[in-house]
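Each chain, letter by letter, is given below.
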Number of protein chains: 2
Amino acid sequence: MTTTHVMAPVDPRRGALRPLGLDQVSLRGGFWGDRQELNRRATVPHIAHWEERTGWLANFDAAAAGTVSETRTGREFSDSEIYKLLEAMAWEIGRTGDEDLEERYQQIVQRVVSAQHDDGYLNTRFGSPGQPARYSDLEWGHELYCFGHLFQAAVARIRTGRGGALVDAALRAADHVCEAFGENGIRSVCGHAEIEPALVELSRATGEERYLAQARLFLDRRGNGVLADIELGRAYYQDDQPIREAEVLRGHAVRALYLSAGAIDAGVDEGDDAYVDIVRAQYHRTLARRTYLTGGMGSHHQDEAFGDDFELPPDRAYCETCAGIGSVMVAWRLLLATGDISYGDVIERTLYNVVAASPSETGDAFFYTNPLQQRRRGAEAADSTPSPRAEASLRAPWFDVSCCPPNVARTLAQLGAYVAASDETGLAVLQYVSGEIRAEVAGGEVALRLTTAYPDDGSVDIEVLAAPESDWTLTLRIPAWAEGARIRRGDAETPVAAPAARVENLRSGEHLALHLPIAPRITAADPRIDAVRGAVAVERGPLVLCAESVDFDDDIDIAHLRIDPDAPLRSTLRGAVAAGSVQEIADSAWPYSADEEPLGAAPAEIPLVPYHSWANRGPSTMRVWIPTV
Amino acid sequence: MTTTHVMAPVDPRRGALRPLGLDQVSLRGGFWGDRQELNRRATVPHIAHWEERTGWLANFDAAAAGTVSETRTGREFSDSEIYKLLEAMAWEIGRTGDEDLEERYQQIVQRVVSAQHDDGYLNTRFGSPGQPARYSDLEWGHELYCFGHLFQAAVARIRTGRGGALVDAALRAADHVCEAFGENGIRSVCGHAEIEPALVELSRATGEERYLAQARLFLDRRGNGVLADIELGRAYYQDDQPIREAEVLRGHAVRALYLSAGAIDAGVDEGDDAYVDIVRAQYHRTLARRTYLTGGMGSHHQDEAFGDDFELPPDRAYCETCAGIGSVMVAWRLLLATGDISYGDVIERTLYNVVAASPSETGDAFFYTNPLQQRRRGAEAADSTPSPRAEASLRAPWFDVSCCPPNVARTLAQLGAYVAASDETGLAVLQYVSGEIRAEVAGGEVALRLTTAYPDDGSVDIEVLAAPESDWTLTLRIPAWAEGARIRRGDAETPVAAPAARVENLRSGEHLALHLPIAPRITAADPRIDAVRGAVAVERGPLVLCAESVDFDDDIDIAHLRIDPDAPLRSTLRGAVAAGSVQEIADSAWPYSADEEPLGAAPAEIPLVPYHSWANRGPSTMRVWIPTV
């Protein structure tokens, strides 16, 4: 077995496609390049500021000083937010070589590692004098979850070739975990999955098989009732059914998705295709029955959990940003494992309509939940204290439970890794960005420059900067929605269709023009999704659109809109305009009767904007699904 | 001021209508009489059994012995469940004179009062050695809430003329509360309203003005941010806005409704009509925009709270049984205060479709939540341990949070009190039951015998057993749905209409026949209730009906039903049959596309049963709202 060194977050030992590194894919402006730059410039410092301000980073100083039980702030998992910030910084440093950032990174690392115990244990909430004992609350304590994010931060350093004190600390912590939770250790798991994919990735990055074996132990233990039964049920932390026996994702969405990612990682590296297929089938059923149009997952606020099949109310959509990231993690692993590039569709959908929705246009405020309908203008989020995670229609600078902001930051920092993949025969372009892609294929190096205003525009120019003289294949993902897609090579235009177009033997200097029709389109829902019966959504390319109150006159309540699904839609710069009406609805003392038809309706144009952009213009109401009846 | 002695739970100092006592209204069989009897025979002993079995009653023994910090079981509010059981027992003893029950009652009372501190404080969760200090957690501790239920239990004893140790304990506790939370005491309130109506009622029952004044202090403090800000927001416990400034009920539904009840009580007794009108307007807006067809309130699981206006998803309807009881409490107080007997409509709706839904047909299992759609057959509830409160489609014998079962028990025990009311001019019959009603009116006694199979049948025979020879008026509530209602007196038949029919000067020996047309009818929802767009419900008299999977062939999934709203409905013994179809729906990998029309549909009859009866025949799926498109 060889230890690979691709500068990417996921680097499986096997698989149909190979990931590219952040040094092989560069984003240059455009939708994602601009966001990655905003992330580096605004979001990463913003997060560092809040982690200092809330005292979550200082918890490590206090732990080192032995006083943490007196002063600790934050929830039991706050250490993980520091690790996610460090991971984001590590990818940014690797990508840009920013030595100022490296210095800030080192300052944080120093404080973190100073709190590590001699035997490798590291946590500011447990195990120090005056605190609960280590592993005394596996259900809720999140210690192994925090280690998982520490390991991912270390993987980012190893893959970016820098190593250092955090990597040393992570390896010592991983060895401690293998000792404490190995065959002869505590026969349990963490309430929140995360260490499973992290241990596999650390194993990949270091070549240490023991970490993979420990991930397998955790994966196999879960589902056998090793954690306490709780009022939410053991399904909450996927301890209700072994992975091999489950049919669908259930319980807390982020936990379920992180666990699935880890299961795929372990199955792939062990060559256990049947195991991977089980998880794959669970994910497919989840996509078919438990996923919102945006790609968002999780419809319950109470337990941040998946609902029953087809239980997808837009107004109570939880769609946690982290669950979107988890879904991207799972889809990406399945794409690499199987070579089925149509997983790029769900990745694209989720990136544009969940992950991109979270940060504000200024990169310093975030959505934790991503509902598809907001009925009430929320209040302005306070800058003074952490905000409730799911109650405003405005993004907040920070949350009591602030998993999402640093998760977005690490995801945007590593985003280039999801743009393309390669195999022996060539290169597959999976996401359409402005930037450059370089990869080794049989016969030599391929280098492409992509230029596009996607998703505002559906044209992508692909310039071949370098290509082997021998046979090779360029594969382009064609999204399922892109009916009428075509490719022009020289003077020849060829229609292409989902899931992929293959172009053979492009040579250096050639241009290829891909056209994906992004004309706005009406989308209906499976009739079993009761909550959106009699309503449609409008999509435009990969974007889900929405009606936002700020685009209407003050006297129009968007609860009164009706759309004419048969009338033509008109494209605008970033969205669309639909034809419809505003209903006149009478208030009544009791809202149920034999006849509840509107009193009348006035024709109206319905402007629609990208869902990801909503609530950037002050508090507003919003809806994705617009009634037709 | 005179202290009244009506044997009823609510006995205001003023009001347009006067309540009758349980000694004035007797239920004899029929829908509610049978349920009251089942409550006495099965539910009350069942609750006593579980309160012993869980150790919640033994907490009082341990508190008396000084060992409670070591052995205490149950949640922080478990004392209140004992008090609610005692209240139910007290009304039953008062109603029936059952001396065996009195003996069991006294045994429990003895154990409870033995735990009272010398200064009147009484709680098994706080204030004893090794426990948190008294009132150290007003947000979540529920100490004053528990006192409220103690006072209500004492009121039941006072009103039933028995008094005793519990009353003494309650008065000492109330004096302690007035001392601890008076003008010079702790300037705060309890996170869970309940002591407010309880103090007013205790004041009414004892004539002690100080208790009313203390209720006023609690009412006026709340809403000014006296409790901690929490992630759910201060609206959760109505500490976000003073009562005088709020426009609608919000936050935790039970808390909001209990608080409203207390506010009305205080406003009525103080003669502050404007204050009562404010609460009345809040309740009306809640009925118009935040109430389910069943009368159920609260659409959020997370915080057991009201949602935004028109946010009423049937599948995530929380509709806590206790919130239904709270709504009955508010409506009843408004009915008495204003004399508007149409509040009897919402009381009827809520009693039949929320309160009656909770207990099983055998009286020993309960719903805590009352959703209007169940997509998945739940598991059988365990008899071995308390169940999660909101996760099964089967009623459970007991819950970790078991407020609902004893709340149902005390409500059914006092149910006669809601059947009729009187004023100087006569008597108003508000609910149609089989039984007898006696009341004093100007000129003498009225006695009526009602005989009916309502709500299975819409005919009510009213026999006048006694009546004054002078002028008096019998008022009959005519429900809003009862189009075509009529009264026959002798040979004369008269059409009558909601909200009331008045019959003058009935004489002893006369019969009156009321006919309320209960033919099944189609009901639509306000178009702003997005979650049921394109669907209708069927109601029959006061009953909301539903489709339940056990009435269909095994191969029919009720998610595939469509109803034809224009086809005639056929009455059955207790429900109806509608015409419609079963759709054929294709599974797809992604449930959103341009065309999601069903593949076809097979005509089908749709049997519908009373919502309150569902899930009495094993685990099932269920839906109230049935699609038309």
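Before reading on, note that the structure itself is shown above.
This section reports on the structure supplied with the text. (Residues numbered from 1 in each chain as written. Chains lettered and ligands numbered in written order. Predicted model: local features only at pLDDT ≥ 70, side-chain atom pairs only at ≥ 80, totals over all residues. Heavy atoms only, no water.)

## Let's talk about helix α10 (residues 253-270) of chain A
Residue and element names in this part refer to chain A. Over its 18 residues, α10 runs 26 Å from end to end, which matches the ideal 26 Å to within 8%, given 1.5 Å per residue. Of all 18 residues in α10, 17 are buried; the element is thus mostly enclosed. Two residues or fewer past α10, G271 is found with a positive phi of approximately 70°. (Helix = DSSP H or I, 4+ residues; strand = E, 2+ residues; numbered from the N terminus. Expected span 1.5 Å × (residues − 1). Buried < 20%, exposed > 50% of the residue type's maximum accessible area, 1.4 Å probe, protein only.)

## Observations regarding the interface of chain B and chain A
In this assembly, 58 residues from chain B lie in contact with 58 residues from chain A. In this assembly, chain B packs against chain A so that about 5100 Å² is buried in total across both faces, 49% of it on carbon and sulfur atoms. Ranking the residues of chain B by area buried against chain A places E231(B), R533(B) and Y592(B) at the top, with a combined share of 15%. Connecting chain B to chain A are twelve salt bridges. Here R623(A) makes a salt bridge to D530(B), at a shortest N to O gap of 2.6 Å. (Contact = heavy atoms within 4.5 Å. Buried area = accessible area lost by both parts, 1.4 Å probe. Salt bridge = Lys/Arg side-chain N within 4 Å of Asp/Glu carboxyl O.)

## Overview of the relation of the copies chain B and chain A
With an RMSD of 0.0 Å, chain B superimposes on chain A once it is rotated by 180° and translated 0.0 Å along the axis. Taken together, these values place the two copies in the relation of a two-fold axis. Interface overlap between copies is the fraction of interface residues in one copy that are interface residues in the other; for chain B against chain A it reaches 100%, indicating a shared surface. (Least-squares fit on C-alpha atoms with pLDDT ≥ 70 in both.)

## Examining empty space enclosed by the protein
All names here are of chain B. The tally for this structure, following the rule as stated, stands at 13 cavities of 30 Å³ or more. Put simply, the largest cavity is a space of about 130 Å³. Taken together, 14 residues line the largest cavity, and the ones lying closest to its centre are P9, M329, R410, Q414 and Y418. For the lining of the largest cavity, the elements supplying multiple residues, two or more each, are α12 (321-338), α13 (343-355) and α14 (404-413). (1 Å grid on protein atoms, 1.4 Å probe; cavity = no way out; pocket = protein on both sides within 12 Å on 5 of 7 lines; lining within 4 Å. Points joined across faces, edges and corners; volume = space filled by probe spheres on them.)

## A word on the sheet that holds strand β6 (residues 435-441) of chain A
Residues and elements named next belong to chain A. Taking strand neighbours across the sheet as the criterion, the seven strands line up as β2-β6-β7-β8-β13-β10-β11 in an open arrangement whose pairing is antiparallel. The open sheet has two free edges, formed respectively by β2 (25-27) and β11 (492-495), since each of these has just one partner strand. With direction set aside, neighbouring strand axes in the sheet form an average angle of 20°. With five bridges connecting them, strand β8 (residues 459-466) and strand β13 (residues 511-515) associate as antiparallel partners. Across the sheet, the residue bridging to D461 is A513, located in β13. (Pairing = 2+ DSSP bridges. Axes fitted to C-alpha atoms, helices over the stretch in contact; angles between N-to-C directions.)

## Details of the sheet that holds strand β4 (residues 420-423) of chain B
All names here are of chain B. Strand order in this open sheet of five strands is β1-β4-β5-β9-β12, and the pairing throughout is mixed. The outermost strands of the open sheet, each flanked by one partner alone, are β1 (18-19) and β12 (500-504). In the sheet, β4 pairs with strand β5 (residues 426-429) via four bridges, with the strands oriented antiparallel. Residue A421 lies in a different strand from β5, and its bridge partner there is A428.

## Quick look at the nonpolar core
Counting 189 residues, the largest nonpolar core has F147(A), F151(A) and Y283(A) as its most contacted members. Residue contacts for F151(A): discarding those within four places in its chain leaves A170(A), A173(A), A174(A), V177(A), I195(A), A198(A), L199(A) and L202(A). Within the second largest apolar cluster, 188 residues are counted, among which are F31(B), F60(B), L257(B) and Y318(B). (Core = buried A, V, L, I, M, F, W, Y, C linked by side-chain atoms within 4.5 Å.)

## Let's talk about unusual backbone geometry
Excluding glycine, most residues fall at negative phi; most peptide bonds, likewise, are trans. Of note, the bond from Y454(B) into P455(B) is cis; its omega dihedral lies within 30 degrees of zero at 5°. Position of P455(B) among the secondary structure elements: in the loop between β7 (444-452) and β8 (459-466). Residues A498(B) and P499(B) are joined by a peptide bond in cis, for which omega reads 5°. Mapped onto the elements of the fold, P499(B) is located in the loop between β11 (492-495) and β12. A positive phi angle, near 65°, is found at H142(A), a position not held by glycine. Accessibility expressed as a relative area gives 4% for H142(A), which makes it buried. Even without glycine at this site, E304(B) takes up a positive phi of about 50°.

## Some details on the packing of helix α8 (residues 195-206) of chain A against helix α9 (residues 209-221) of chain A
All names here are of chain A. Contact geometry of α8 with α9 gives a least axis separation of 7 Å together with a crossing angle of 165°. In this view, α8 runs roughly antiparallel relative to α9, as classed from their interaxial angle. For the pair α8 and α9, the sense of crossing is left-handed. Along the contact surface, α8 presents I195, E196, L199, V200, L202, S203 and T206, while α9 presents E209, Y211, L212, Q214, A215, F218 and L219. For the contact of α8 with α9, the per-class residue count stands at nine nonpolar, three polar and two charged. (Parallel < 35°, antiparallel > 145°, perpendicular 65-115°, else oblique. Left-handed = near helix turned anticlockwise from the far one by under 90°. Nonpolar A, V, L, I, M, F, W, Y, C, P; charged D, E, K, R; others polar.)

Note that every value here comes from positions in space, so none of it alone points to a role or purpose.
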